[in-house]
Amino acid sequence: MTKDDFWQGVRGGFPIVVSASPFGALFGALAVDNGFSVFDAVFMSMTVYAGASQMVGIELFGNKVQPWLIVLSIFAVNFRHILYSASITRHIGHFTAVQKIFTFFLLVDPQYAETEKRAERGDPVTFAWYLGFAMIIYIPWQFMTFLGAFFGQMIGDPKAIGLDVLLPIYFMSLVLGFRKRDNWLPVVAVSSLASVAAMHFVGSPWHVSIGAMAGILLAACLPPPKQQPEPVTLENEA
Amino acid sequence: MDSTEHMHLILIILAAALATFLTRIGGYVMIMQMKRIPPRMEAALNAVPAAVLSTLVAPAFVYGGWDVAASMLVAFVVGLRFSSLWMLWAGWLVVMAVRHFAGL
């Protein structure tokens, strides 16, 4: 039963591996490009284990942004996980405390989506299933990071093979992924303009914090949406 | 990178890992305590990712050179319909083509 659940999880997670693998390799290659060693890149994938925020982290590190701002930005990009953990709490009441720690550590976007779907279907959310699904994502993520970093190290100039455009495009895809959120367009417009102006008048790395604060303050000042939003909505982010 | 700098990087990664874990367990802790976030704070928090990420996109577009800008523009159009992987492919193809033919 437990073993069956585990393998069911592994099979279920397989499509995720296929779509996430290029990003793992991309992270590894770009991490090396931003001054990481192969070890550092894999170490980050193993401990942080949150692709989009890892990309943000290496970009800021490469720009010599202050450490507190790097950590805060990673925290901010991962903030949506608070919604995920709040939402799956209903389904994992029967896990032990140690199992819960592993559960939350491994709670990436597809893991959350699949757990909710499974619970909605009425299938039992067992720890064995959860772990199987998680491992088939976690282990290849490390392996792809290693491959990307290893080969990235051999490529001298990332510009020569067009790697330098991939991070801004990837971040743009993340920004587009949030477009259903309240105040999305004004926030993006104000943060973009403020960061461009700050880059010009103040300089890097301050454009990140100045631009981000402008958009966040705007969102706090805009009138709140009339309708109370759903407590937890799954968005296709990262 | 010297060894002090490398130690800093390892510490940053560990702090990032802890911060990420806090977001992943935070909702559970909140539900257990049943506290509500004030609406304006929630609106501000909701805006954080798009706000931070925009600051990584817009300056690259404006100051990155016209080859990068062209590549990002095409990727944007692709991204309105297709997934991020296609955006990356499209943007990469454009920048490689532009650099090849313009001799950049």
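Residues numbered from 1 in each chain as written. Chains lettered and ligands numbered in written order. Predicted model: local features only at pLDDT ≥ 70, side-chain atom pairs only at ≥ 80, totals over all residues. Heavy atoms only, no water.

Q: Could you give me a rundown of the overall build of chain A, with the residues and numbers involved?
A: Of regular secondary structure, chain A possesses eleven helices and zero strands. In sequence order, chain A lays out its α and β elements as α-α-α-α-α-α-α-α-α-α-α. Its C-alpha radius of gyration of 19 Å places chain A within 12% of the 18 Å reference for a compact globule of 238 residues. In terms of its C-alpha atoms, chain A occupies a principal-axis envelope of roughly 60 × 55 × 25 Å. Across the 238 residues of chain A, 57% fall into the buried class. As displayed, chain A offers around 10,700 Å² of accessible surface, 70% of which is attributable to carbon and sulfur atoms. Within chain A, one finds 14 positive and 16 negative side-chain charges whose respective centroids are separated by 4 Å. (Helix = DSSP H or I, 4+ residues; strand = E, 2+ residues; numbered from the N terminus. Rg over C-alpha atoms; globule rule 2.2 N^0.38 Å. Buried < 20%, exposed > 50% of the residue type's maximum accessible area, 1.4 Å probe, protein only. Areas by Shrake-Rupley, 256 points an atom, 1.4 Å probe, with all protein chains shown as cover. Lys, Arg positive; Asp, Glu negative; His and termini not counted. Charge placed at Lys NZ, Arg CZ, Asp CG, Glu CD.)

Q: Explain the pattern of salt bridges to me, using residue names and the numbers behind them.
A: Under the defined criterion, the tally for this structure stands at five salt bridges over all chains. Residue Lys-117 of chain A is joined to Glu-114 of chain A by a salt bridge in which the shortest nitrogen-to-oxygen separation is 3.5 Å. Of this pair, Lys-117 of chain A and Glu-114 of chain A both sit in helix 7 (residues 109-121), separated by three residues, roughly a single helical turn. The salt bridge involving Asp-123 of chain A is made with Arg-121 of chain A; its shortest N-O contact spans 3.1 Å. Beyond isolated ion pairs, a larger network of salt bridges with shared partners links Asp-164 of chain A together with Asp-67 and Arg-99 of chain B. (Salt bridge = Lys/Arg side-chain N within 4 Å of Asp/Glu carboxyl O.)

Q: Any details on the interface of chain B and chain A? Residues and values, ideally.
A: Taken together, the contact pairs 60 residues of chain B with 78 residues of chain A. For the pair chain B and chain A, the summed buried surface comes to about 6,100 Å²; carbon and sulfur atoms form 76% of the total. Our count for the contact surface shared by chain B and chain A stands at one salt bridge. Between Arg-99 of chain B and Asp-164 of chain A there is a salt bridge whose closest N-O contact spans 2.8 Å. (Contact = heavy atoms within 4.5 Å. Buried area = accessible area lost by both parts, 1.4 Å probe.)

Q: With reference to specific residues and values, describe the side chain of Ser-45 of chain A.
A: All names here are of chain A. As for its position among the elements, Ser-45 is in helix 2 (residues 38-47). The exposure class assigned to Ser-45 is buried, which follows from its relative accessible area of 0%. Polar side-chain contacts of Ser-45 include one of 2.8 Å to the side chain of Thr-145. Excluding its chain neighbours within four sequence positions, the residues that come into contact with Ser-45 are Phe-27, Gln-54, Tyr-138, Trp-141, Gln-142 and Thr-145. (Polar contact = N/O pair within 3.5 Å; in protein donor to acceptor, adjacent residues only side chain to side chain.)

Q: Can you explain the packing of helix 5 (residues 81-88) of chain A against helix 1 (residues 3-33) of chain B? Please cite residues and give values.
A: Running from N to C, helix 5 of chain A and helix 1 of chain B point in directions that differ by 50°, and their axes come no closer than 6 Å. When the axes of helix 5 of chain A and helix 1 of chain B are compared, the pair comes out oblique. As helix 5 of chain A packs across helix 1 of chain B, the resulting crossing turns out to be right-handed. From helix 5 of chain A, His-81, Ile-82, Ser-85 and Ala-86 of chain A reach across to helix 1 of chain B, where they touch Thr-23, Arg-24, Ile-25, Gly-26, Gly-27, Tyr-28, Met-30 and Ile-31 of chain B. For the contact of helix 5 of chain A with helix 1 of chain B, the class distribution of residues is six nonpolar, five polar and one charged. (Axes fitted to C-alpha atoms, helices over the stretch in contact; angles between N-to-C directions. Parallel < 35°, antiparallel > 145°, perpendicular 65-115°, else oblique. Left-handed = near helix turned anticlockwise from the far one by under 90°. Nonpolar A, V, L, I, M, F, W, Y, C, P; charged D, E, K, R; others polar.)

Q: So what's going on with the nonpolar core? Residues and values would help.
A: Judged by nonpolar contacts, the single largest core of 96 residues is most densely connected at Phe-36, Met-44, Met-55, Tyr-170 and Phe-171 of chain A together with Leu-53 of chain B. If we ignore the near neighbours within four places in the chain, the residues touching Phe-171 of chain A are Ala-52, Met-55, Val-56 and Glu-59 of chain A together with Leu-53, Leu-56 and Val-57 of chain B. (Core = buried A, V, L, I, M, F, W, Y, C linked by side-chain atoms within 4.5 Å.)

Q: So what's going on with the confidence of the model for chain A? Which residues, and what values?
A: Residue and element names in this part refer to chain A. Overall, the predicted model of chain A reaches an average pLDDT of 87, with 93% of residues at or above 70. Across chain A, helix 2 holds the top mean pLDDT of 97, while helix 5 sits lowest at 83. Per-residue pLDDT stays below 50 along residues 230-238; that stretch engages in 20 contacts with residues further than four places along the chain or on separate chains. (pLDDT = per-residue confidence, 0-100.)

Q: Now, about the domain arrangement of chain B: what can you tell me, with residues and values included?
A: One can read the domain layout of chain B as domain 1 (1-35) and domain 2 (48-104). The distance between the C-alpha centroids of domain 1 of chain B and domain 2 of chain B comes to 30 Å. (Domains from an automatic or database assignment.)

Q: I'd love a proper account of the packing of helix 4 (residues 67-77) of chain A against helix 1 of chain B, names of residues and values included.
A: Where helix 4 of chain A meets helix 1 of chain B, the axes come as close as 8 Å, and the angle between the chain directions of the two elements is 30°. Between helix 4 of chain A and helix 1 of chain B, the interaxial angle falls into the category roughly parallel. In this structure, the crossing between helix 4 of chain A and helix 1 of chain B has a hand that is right-handed. Taken together, the residues of helix 1 of chain B that come into contact with helix 4 of chain A (itself represented by Pro-67, Ile-70, Val-71, Ile-74 and Phe-75 of chain A) are Ile-12, Ala-15, Ala-16, Ala-19, Thr-20 and Thr-23 of chain B.

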